[in-house]
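Here is how the chains run, residue by residue.
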Amino acid sequence: MKVCIIGDGLTSLALAKALINKDIIVDVIRSKKLKKINKTSTLGISKSNFQFFNKNIININKITWNIKKIKIYTENLKGKEVIQFSESNDQLFSILKNKNLLEQLDYELKRNKYFNYKKKNSYNGIIKLKYDLIINCDFNHEITKKFFSKKIVKNYKSIAFTTVIKHKKLSPNNTAIQIFTRKGPLAFLPISEVKTSIVYSIKNAEHLKELDILNLINKFNSKYEIEKIDKISKFNLNSISLRKYYENNILAFGDLLHKIHPLAGQGFNMSIRDIKDLLKIIQEKIELGLPLDSNVCDEFQDKTKSKNYFFSNGIDLVYEFFNLESRVQNRYLSSMLKFIGKNKTIKKYFKKFADVGLQV
Ligand SMILES: Cc1cc2nc3c(=O)[nH]c(=O)nc-3n(C[C@H](O)[C@H](O)[C@H](O)COP(=O)(O)OP(=O)(O)OC[C@H]3O[C@@H](n4cnc5c(N)ncnc54)[C@H](O)[C@@H]3O)c2cc1C
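Quick summary incoming for the structure in this document. None of these values were measured; they are calculated from a predicted model.

The full count for this structure, using the stated rule, is 17 salt bridges. For the salt bridge of E320 with K154, the shortest nitrogen-to-oxygen distance reads 2.6 Å. Note that E320 is positioned in helix α9 (residues 294-327) and K154 in strand β10 (residues 151-167), a separation of 166 residues in sequence. Classification of E320 as partly exposed rests on a relative accessible area of 30%.

In the vicinity of the ligand there are 23 residues, among which T11, G44, N140, D255 and K259 approach most closely. A distance of 2.7 Å is found between an oxygen atom of the ligand and a backbone nitrogen or oxygen belonging to G44. G265 is positioned with one of its backbone polar atoms (N or O) 2.9 Å from a nitrogen atom of the ligand. Elements with a minimum of two residues in the shell around the ligand: α1 (10-20), β3 (42-46), β10 and α8 (267-288). In terms of residue class, the shell around the ligand is built from nine nonpolar, 11 polar and three charged.

Tracing the chain through its elements places I152 in strand β10. Separated by 25 residues in the primary sequence, I152 and I177 place their C-alpha atoms 31 Å from one another. Here I152 is in contact with S239, I240, S241, R243 and Y309, once residues within four sequence places are set aside.

Our focus in this paragraph is the nonpolar core. The tendency in soluble globular proteins is for nonpolar side chains to be buried as a group. In this structure, I5 and L101 are the most contacted members of the largest nonpolar core, which totals 61 residues. Top element by residues in this core is α1. It accounts for eight residues. Apart from the residues lying within four places of it in its own chain, the contact partners of I5 are S12, L15, A16, L19, V26, D27, V28, I29, I135 and C137. By size, the runner-up hydrophobic cluster in this structure holds 32 residues, among which are L77, L92, A187 and F321.

Another aspect to go through is the packing of aromatic side chains. Inspection of the entire model under this criterion finds 11 aromatic pairs. Centroid distance F53 to F268: 6.4 Å. Interplanar angle 55°. Geometry classified as tilted. Here F53 is found in helix α3 (residues 47-56), whereas its partner F268 is found in helix α8, with 215 residues between them in sequence. On the basis of relative accessible area, F53 is assigned to the buried category, the value being 0%. The class of F268 is buried, set by a relative accessible area of 10%. Here the aromatic rings of Y309 and F310 are separated by 6.1 Å at their centres, their planes lie at 70°, and the arrangement is edge-to-face. According to the relative accessible area criterion, F310 is exposed, its value standing at 53%. Chaining the aromatic ring pairs together yields one cluster made of Y123, F147 and F148. Against the face of Y117 rests R30, its NZ or CZ located 3.6 Å from the ring centre.

The rules behind these values
- Residues numbered from 1 in each chain as written.
- Predicted model: local features only at pLDDT ≥ 70, side-chain atom pairs only at ≥ 80, totals over all residues.
- Heavy atoms only, no water.
- Salt bridge = Lys/Arg side-chain N within 4 Å of Asp/Glu carboxyl O.
- Helix = DSSP H or I, 4+ residues; strand = E, 2+ residues; numbered from the N terminus.
- Buried < 20%, exposed > 50% of the residue type's maximum accessible area, 1.4 Å probe, protein only.
- Near = heavy atom within 4 Å.
- Polar contact = N/O pair within 3.5 Å; in protein donor to acceptor, adjacent residues only side chain to side chain.
- Nonpolar A, V, L, I, M, F, W, Y, C, P; charged D, E, K, R; others polar.
- Contact = heavy atoms within 4.5 Å.
- Core = buried A, V, L, I, M, F, W, Y, C linked by side-chain atoms within 4.5 Å.
- Phe/Tyr/Trp six-rings, centres within 6.5 Å; stacked < 30°, edge-to-face > 60°.
- Lys NZ or Arg CZ within 6 Å of the ring centre and 35° of its normal.

Here it is as structure tokens:
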């Protein structure tokens, strides 16, 4: 069995390794992501996805930092904590640097006999190679324009600014902080005792200079004694839901399939859940002696499309709720937040939603 994956981003390489672990031959068509990777971007991976990754893809224990508490604040409630999630004995989620994950995946793939990197190839060139399945994660490949251009897009008119701060040692530094400021959500995500990554998504931020962002970070930082700040990177924010997941035996995957606002750190987590679902379908075909073909894509779409759509909308709803809360001084909204913060059942549901996604 031979699978082609187009694109060499995180999803592509994670999926490639998962397939290779099942003795499937995988060709990955380069899109030069490895060379362009941002050095300061970080990812939060939920506990169940972390366990799945370790068991079915690669062991990421050495490159992750465990988070045991999340504290949520809003600027409107004058810095008072509104919700806290915690896990005393175990991690709630784990943080890693995108660069470290990509490099480790690349290192392990290159040593595997079932794996090959291929140079950029056209649609016709790929079809001629008669792969059982073609999985497209590349926004810029001609296959995307040909088959996967119909989508639901929402432009958040926001930019996510990301950086890593080096600060005085904090032991333990295992509490993530999210502040819903009037300009947008600001997250402090610890990655070691002396380093914490920052993601600040700001509305209508085109005019803001690096110094403005630094001043804003300082305004809301009451915890870290900052010694150094890395270069700030920028990402325009939009959400995407593809209308059609596949064409024949070509399946769209990763952010190309569904892209969401980063406020809940769930984009890559959704793709890990997709990998889990796809692997299960493929395993069933292998066990039944059936070929890997368009039926795999059809079953994958059936299993994941509505689940992903509702999950993406759930994240958008959280964004819109806090967006509204930050714009209006409304005591009902604030009371609602306090109620959520005190209600154990709702908190348990949110925790599960963030860990395993929608269960259907
Ligand atoms: C600031 C920020 C913080 C995040 N934090 C988390 C987190 O904590 N946890 C988590 O699970 N996920 C998080 N994500 C999402 C995660 O980074 C992505 O889901 C993941 O990197 C996608 O990998 P990929 O291999 O599927 O996509 P890639 O192929 O690596 O593409 C990555 C991004 O490139 C962009 N892109 C490239 N070409 C085009 C094009 N032609 N048109 C439009 N867009 C294009 C898109 O924005 C796409 O999302 C975050 C995202 C951002 C922006």
